[in-house]
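Architecture and fold: a report
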Amino acid sequence: MDSSFCKAEKIWINARLATMDPAHDEPFGMLDRYAIGVQNGRISLIVPQDTLCFSENPAEIIDASGLIMTPGLIDSHTHLIYGGQRAAEFSQRLTGSTYADISRAGGGILSTVRATRALSEAELVEQSRPRLEALLAEGVTTVEIKSGYGLRIEDELKMLRAARTLAADYPVRLRSTLLAAHALPPEYSGRADDYIELICHELIPQVAQEGLAEAVDVFCEPIAFSLAQCEQIFDAAQAAGLGIKAHVEQLSNSQGAALAARFDAWSVDHLEYLDEIGIAALKDSGTVATLLPGAFYFLGETRKPPVEGLRKAQVPLAVASDLNPGSSPLASLRLMMNMAAVLFGLTPEEALQGTTCHAAAALGLGEDVGMLKVGMAADMLLWKIDDPAQLTSEFGVNRLQQRIFAGEVQNA
Ligand code: NIG
Ligand code: FE
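These figures come from a predicted structure and were not determined experimentally.

Moving on to the packing of aromatic side chains. By the definition in use, this model includes six aromatic pairs. On the basis of an interplanar angle of 50 degrees and a centroid distance of 5.3 Å, the ring pair of Tyr188 and Tyr195 is categorised as tilted. Considered together, Tyr188 and Tyr195 belong to a single accessibility category, that of buried residues. Here the aromatic residues Tyr188, Tyr195 and Phe225 are joined through ring pairs into a cluster of three or more. Its guanidinium or amino end placed over the ring of Tyr82, Arg131 lies 3.5 Å from that ring's centre, counting from NZ or CZ.

This is the structure:
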């Protein structure tokens, strides 16, 4: 008997594994006719089908019937906790206003801040529930959720607690991110530096102490915060032992990506205006470049992120939904994979890496999730597809046969 065999409580046989593990040479890290076993919520066994010994089988056997298994999908950038909606601004933009115009006039992020502050934590949870459910139904097993619509201590904490409370109701891994530097709150008008002080000296230490977030994010843009202000926040985040993520180079080039890379950020996100200097700074930095095609599409942008330059520099690319009420009210990671390919030129393999292994790295979870690999969490999806590229080429057809979270089968 194969000694490794007993290490699994449950084994899927006859599976085609799109492991996404670069250790395997085939596209998508494909291993055909393999068996994959799980134990205590982790992947404990990946072996060729014909090396399994059935006669002394202590495990539950599930026949995958030749279907394709992938790691669970990871949405590494969302703002899915918020109050209200901004359909009226969508209409305004269709008649000529820009996202920045609306923001400067006190709408945009600040209108969602008003709606979010007005809700209790429980109300916020309920309003956000359908958005999380939409992501999970498509195969998302890890989700990042940002604060950033509270912009004062009690409301930023309320958002982070709402994220925890909501996620606890579902089989999903949550990574929370403090994005207090999303917009200047009205109470601090003309006193941006005082607000930065509050974030650095009160909010970040409190969030770190209460374990309410794993990372800190900023919106580095003339309509939000300057490079120098972002640097202060990165310093405070680093001192508190939190990961760093950053919205940079979305609407203009502030050299935010290079700054974030210097701080060993987990990811820099958006990047439409990233230049050669930024690409050079990301090269070999370990920081993931996260593409958010939903915001590009929804805002009708024309300038695309420099995918070819990033590819040449071998910067890992993630793809995320940026799910939020203003620039990407689009609760579908599969749609983002399709858009990343059609709008930005990613290959289907890059799009799936962007929502599995590279998305994991964008959340500081590269050792834990995002690949079918022994030792990683057993978050796995079984799909009725013939080719893993279908996950990027197709949209709107539910071909998820089984969703497995921490080794437990959720549905069929
Ligand atoms: O990632 N860029 C800043 N933040 C969000 C938009 C938030 C909003 O408009 O409410 C983004 O696109
Ligand atoms: Fe965002």
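The environment of ligand 1 is made up of 15 residues, and the closest members are Arg86, Tyr99, Tyr149, His182 and Ser327. Within the side chain of His79, a nitrogen or oxygen atom sits 3.4 Å from an oxygen atom of ligand 1. One of the side-chain N or O atoms of Asp322 is found 2.8 Å from an oxygen atom in ligand 1. Calculation on ligand 1 without its partners gives an accessible area of 330 Å², and the protein chains cover 100% of this total. Under a 2 Å grid-point criterion requiring more than half of the atoms, the pocket assigned to ligand 1 is the largest cavity. Grouping the constituent residues of the shell around ligand 1 by class yields four nonpolar, nine polar and two charged.

Now for the side chain of Glu350. Within the secondary structure layout, Glu350 lies in helix H13 (residues 348–354). In this structure the side chain of Glu350 is engaged in a polar contact, spanning 2.7 Å, whose partner is the side chain of Arg311. For Glu350, the contacting residues outside a window of four places in its chain are Arg311 and Gly345.

Another aspect to go through is the domain arrangement of the protein. Structurally, the protein comprises domain 1 (3–71 + 371–411) and domain 2 (73–362). The interface is formed by 25 residues belonging to domain 1 together with 24 residues belonging to domain 2. Summed over both sides, the interface between domain 1 and domain 2 buries roughly 2000 Å², with carbon and sulfur atoms accounting for 62% of that surface. Among the residues of domain 1 in contact with domain 2, Thr392, Phe395 and Arg403 are the three that bury the most area, contributing 31% of the side total. For the salt bridge of Arg173 with Asp379, the shortest nitrogen-to-oxygen distance reads 2.6 Å. Of the residues belonging to the side of domain 1 that touches domain 2, the class tally is 17 nonpolar, five polar and three charged.

The next thing to look at is the coordination of the iron ion (ligand 2). Distances from the iron ion (ligand 2) to its protein donors, namely His77 (NE2), His79 (NE2), His247 (NE2) and Asp322 (OD), fall within the range 2.1 to 2.2 Å. For His77, a relative accessible area of 0% corresponds to the buried category.

Moving on: the packing of helix H5 (residues 153–168) against helix H6 (residues 192–210). Between H5 and H6, the shortest axis-to-axis distance is 11 Å and the interhelical angle comes to 30 degrees. In terms of orientation, H5 lies roughly parallel with respect to H6. By crossing handedness, the relation of H5 to H6 is classed as right-handed. From H5, Ile153, Glu156, Leu157, Leu160 and Arg161 reach across to H6, where they touch Leu198, Glu202, Leu203, Gln206, Val207 and Glu210.

Right, let's get into the sheet that holds strand S8 (residues 173–181). Spatially, S6-S7-S8-S9-S10-S11-S12-S13 is the arrangement adopted by the eight strands of the open sheet, whose pairing is parallel. On the outer flanks of this sheet lie strand S6 (73–75) and strand S13 (317–319), each paired with one strand and no other. Ignoring strand direction, the axes of neighbouring strands in this sheet form an average angle of 25 degrees. By the bridge criterion, three bridges tie strand S11 (residues 267–270) to strand S12 (residues 288–291) in an arrangement that is parallel. Following the sheet pairing, Asp269 is matched in S12 by Thr290. Its contacts with the sheet put H6 on S8 and strand S9 (215–220), and the angle it makes with S8 is roughly 155 degrees.

The rules we used
Residues numbered from 1 in each chain as written. Chains lettered and ligands numbered in written order. Predicted model: local features only at pLDDT ≥ 70, side-chain atom pairs only at ≥ 80, totals over all residues. Heavy atoms only, no water. Phe/Tyr/Trp six-rings, centres within 6.5 Å; stacked < 30°, edge-to-face > 60°. Buried < 20%, exposed > 50% of the residue type's maximum accessible area, 1.4 Å probe, protein only. Lys NZ or Arg CZ within 6 Å of the ring centre and 35° of its normal. Near = heavy atom within 4 Å. Polar contact = N/O pair within 3.5 Å; in protein donor to acceptor, adjacent residues only side chain to side chain. Areas by Shrake-Rupley, 256 points an atom, 1.4 Å probe, with all protein chains shown as cover. 1 Å grid on protein atoms, 1.4 Å probe; cavity = no way out; pocket = protein on both sides within 12 Å on 5 of 7 lines; lining within 4 Å. Sits in = over half its atoms within 2 Å of the grid points. Nonpolar A, V, L, I, M, F, W, Y, C, P; charged D, E, K, R; others polar. Helix = DSSP H or I, 4+ residues; strand = E, 2+ residues; numbered from the N terminus. Contact = heavy atoms within 4.5 Å. Domains from an automatic or database assignment. Buried area = accessible area lost by both parts, 1.4 Å probe. Salt bridge = Lys/Arg side-chain N within 4 Å of Asp/Glu carboxyl O. Donors = N, O, S within 2.8 Å, 3.2 Å for Na, K, Ca; no water. Axes fitted to C-alpha atoms, helices over the stretch in contact; angles between N-to-C directions. Parallel < 35°, antiparallel > 145°, perpendicular 65-115°, else oblique. Left-handed = near helix turned anticlockwise from the far one by under 90°. Pairing = 2+ DSSP bridges.

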